[in-house]
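This is what each chain is made of:
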Amino acid sequence: MLILSNLVQYIKDFFRSLFFAGEEDVNSQKALRYIMQEVKKCKYPVYRNDNTVLAGLPMIIHELYRITLPFKNILKESVCSNDIRVSSFFLDKLVEISFSEQQKKLRENIAFSKRMEQFSDLVSDDFDQKIKDQTKAFDDLLFSLNEPAFKAMDIKISKLFTFFDFCSFQFNTFFAYFDPGFNAIINTDTVKEHYSFENVDGMSILQEILDLDYLIRNITIDDHLLEGLIFINSILPEDKQADELYIKKNLKFFSSALENNLGTNTLINLARLIKKDPKFEDTTKSPRAFSETEEYKTRLIAAFSADTKKILKLRQDAQMVSLIGDLFGDIEIISLEVYNEVLNNKIQSLTGHSLDWIKPLEIVKTYSKVFFEPAIEPFLRELLVEGLFEDRKMKSDFAADYYFCSSIIEKIDGMEKVMYGKNESSVELIRGYLTRIEAGGDFEKALSKILDDINLRAKKLLEEAGKHYLDLLKFCKLIIKDSYKPVPENVHNITAMINSTKNKDRFAAFANGIENFEKMIELLKRYVVIDMSELNEKAGKNYENGAK
């Protein structure tokens, strides 16, 4: 039979040499025949010369698929989990097994709780130095992660991910080409025990063969992969762990089946036979190498920065307690409707982000409601209407500052109203992302973009308010000084105005309210940049003393 087959092949080659273009084609045919012989080494027949892929191929792949399922489950529950918190936890553990004792100590000491233990008093003089010392320790840890041990760990982690990519191939979709009965379990990990694979045309399955070959080419079955699987399996919850001996045995079995039952180059050789091109190479590039250590650093930096931000805010709040008490006493600070601590606590419990300008907005809103509207605004409103100004520009600037400050509550409410609307800054969108993050979704970057935009608008509003409040305070002090002069320089009729029955009480309230105005500016400057260089006198007190 073999002699007859060789004779037939010889006759075919002879006639090809007569009728085809020459030596290149003959060499191509010989190369394809050699490839065919290589493909025949598979456990089952997988190809026929009429460009048919035989049922033996899915049978071999099905055996591999069954072996990989336990590995897929281990990886899916750990480093490859869809829950970003779970995957980050396991990846951090993988990186940290390479830590020296010194690195472990550094890592422990930069945790938020450990950092806070160093601050017995948040307003002490050595606070800044302690922050610097903590930052130096953190920088030392980051620098130490450049050691060779971590490059080796990057390689090990990369092998886990490429192995998971193979395990995640849509095997049941592949099997459905050969047996329509698999259509019912496409996109699942169900194992169909009984199947009826049939032969299919090679071109119809070519892309799937190339995809599978690409995944196999990138996996490496070695001690690194085994060690990684055993380690992450060991820190899984007990009910999800696999037996260590089973992992070793199964991985060895998989490696043997891949090499002996399928063959290293079988799939690419099948593609060459299907395309009738012995020189065909899949040009799909291997996945870009990545460093999990660098990702670990990124997570570490984000966490350390967020913790530093929390510590600085706690210090700021501690510093503000006396100032806030001095201004408001027992008056309750008005909370905002949306941009508030309730939402902020939820954000901070799930991410490293925050709403950064809650307290100063609350201070401005409370001050305006409690002090500015009843004490400062009434006289300024009359002054704007009745005052005879020497300088028109002064009046124009005063009007701009007055209208802004008198409408600050509306502006704050307007900022929050935007968050209620259907837009990219919607509070519902924020809550939606938080819900997804809480469920393990990777939406922190999307949430960060929204919060950055909202915080920027809040900051700009406060900076603008700070400027207008300060300019208005300067103007108020100027008016009070003007009222002392026999001949006022800026508002000609100021003396007549403040002595009139209608305005006398208003001016007294206005002048006495300057002290609280200054206190509010002192509070606000702790949050935004305000130039205080021209505020050196207590004009309100001077007026009171002069009146007495």
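Keep in mind that what you see is a predicted model, and the values were worked out from it rather than measured.

A. Main features of the overall build of the chain. Each helix and strand in the chain was counted, giving 24 helices and three strands. A compact globule built from 548 residues should have a C-alpha radius of gyration of about 24 Å, whereas the chain, at 38 Å, is more than 25% larger. Considering only C-alpha atoms, the chain reaches an extent of 130 × 55 × 45 Å along its principal axes. Residue burial in the chain is summarised as follows: out of 548 residues, 45% are buried. Of all intrachain contacts in the chain linking residues separated by at least 6 positions in sequence, the fraction that spans at least 24 positions is 76%. As presented, the chain carries roughly 29,200 Å² of accessible surface, and 53% of it is formed by carbon and sulfur atoms.

B. A look at the packing of aromatic side chains. A full pass over the atoms with the stated rule returns 38 aromatic pairs. When the centroid spacing of 5.0 Å and the interplanar angle of 35° are considered together, the rings of phenylalanine 379 and phenylalanine 510 count as tilted. Placement of the pair is phenylalanine 379 in helix α16 (residues 358–386) and phenylalanine 510 in helix α22 (residues 504–512), with a sequence separation of 131 residues. Each member of the pair, phenylalanine 379 as well as phenylalanine 510, is classed as buried. Above the ring of phenylalanine 280, the side-chain terminus of lysine 275 is found at 5.1 Å from the ring centroid. The side chain of lysine 310 reaches across the aromatic face of phenylalanine 112, ending 5.6 Å from its centre.

C. Fine view of the nonpolar core. Counting residues in hydrophobic clusters, the biggest one holds 81 residues, and the most contacted among them are Leu57, Ile61, Leu75, Phe163, Leu229 and Leu262. Sorting elements by how many residues they give to this core places helix α3 (residues 56–76) first, with 10 residues. Apart from the residues lying within four places of it in its own chain, the contact partners of isoleucine 61 are Phe171, Phe174, Phe175, Leu212 and Leu262.

D. Looking closely at the packing of α3 against helix α8 (residues 148–167). Packing of α3 against α8 leaves a shortest axis separation of 9 Å and a crossing angle of 125°. Relative to α8, the element α3 is oriented oblique. Here the hand of the crossing between α3 and α8 comes out left-handed. Of the residues in α8, those touching α3 at Thr68, Phe71, Lys72, Leu75 and Lys76 are Leu160, Phe163, Phe164, Phe166 and Cys167. Looking at side-chain class alone, the contact of α3 with α8 contains seven nonpolar, one polar and two charged residues.

E. Spatial organisation of the pattern of salt bridges. In the structure shown here, the tally under the stated rule is 42 salt bridges. Ionic pairing is found between lysine 502 and glutamate 382, a salt bridge with its closest N-O pair at 3.3 Å. With lysine 502 in the loop between α21 (494–499) and α22 and glutamate 382 in helix α16, this residue pair connects regions lying 120 residues apart in the sequence. A relative accessible area of 45% places lysine 502 in the partly exposed class.

F. Broad picture of helix α19 (residues 427–438). Between its first and last C-alpha, α19 extends 16 Å over 12 residues, near the 16 Å set by a 1.5 Å rise per residue. Within α19, burial applies to Val427, Ile430, Gly432, Tyr433, Leu434 and Ile437. Looking at the buried positions of α19, the neighbouring elements they touch are α4 (84–96), α15 (341–350), α18 (408–420) and α20 (444–484). Between the side-chain oxygen of the N-cap and the backbone nitrogen of glutamate 428 there are 3.0 Å, and the N-cap of α19 in question is serine 426.

G. Layout of the environment of phenylalanine 127. Positionally, phenylalanine 127 belongs in helix α7 (residues 127–144). The spatial distance from the C-alpha of phenylalanine 127 to the C-alpha of alanine 149 is 36 Å, given a sequence separation of 22 residues. Residues within four places of phenylalanine 127 in sequence aside, it is in contact with Phe119, Leu122, Ile311, Leu312 and Arg315.

H. Inspection of the sheet that holds strand β3 (residues 200–201) at higher detail. Read across the open sheet, the three strands follow the order β1-β2-β3; overall the sheet is antiparallel. Looking along the sheet, the strands with just one partner apiece sit at the ends: β1 (47–48) and β3. Alignment of strand β2 (residues 52–53) against β3, held across two bridges, turns out to be antiparallel. Bridge assignment links valine 53 to a residue of β3, and that residue is valine 200.

I. Here's a closer look at the confidence of the model for the chain. When pLDDT is averaged along the chain, the result is 89; 92% of the residues meet or exceed 70. Across residues 534–548, confidence stays below pLDDT 50; counting only partners more than four residues off in sequence or on other chains, it has 26 contacts.

Basis of the calculations
Residues numbered from 1 in each chain as written. Predicted model: local features only at pLDDT ≥ 70, side-chain atom pairs only at ≥ 80, totals over all residues. Heavy atoms only, no water. Helix = DSSP H or I, 4+ residues; strand = E, 2+ residues; numbered from the N terminus. Rg over C-alpha atoms; globule rule 2.2 N^0.38 Å. Buried < 20%, exposed > 50% of the residue type's maximum accessible area, 1.4 Å probe, protein only. Contact = heavy atoms within 4.5 Å. Areas by Shrake-Rupley, 256 points an atom, 1.4 Å probe, with all protein chains shown as cover. Phe/Tyr/Trp six-rings, centres within 6.5 Å; stacked < 30°, edge-to-face > 60°. Lys NZ or Arg CZ within 6 Å of the ring centre and 35° of its normal. Core = buried A, V, L, I, M, F, W, Y, C linked by side-chain atoms within 4.5 Å. Axes fitted to C-alpha atoms, helices over the stretch in contact; angles between N-to-C directions. Parallel < 35°, antiparallel > 145°, perpendicular 65-115°, else oblique. Left-handed = near helix turned anticlockwise from the far one by under 90°. Nonpolar A, V, L, I, M, F, W, Y, C, P; charged D, E, K, R; others polar. Salt bridge = Lys/Arg side-chain N within 4 Å of Asp/Glu carboxyl O. Expected span 1.5 Å × (residues − 1). Polar contact = N/O pair within 3.5 Å; in protein donor to acceptor, adjacent residues only side chain to side chain. Pairing = 2+ DSSP bridges. pLDDT = per-residue confidence, 0-100.

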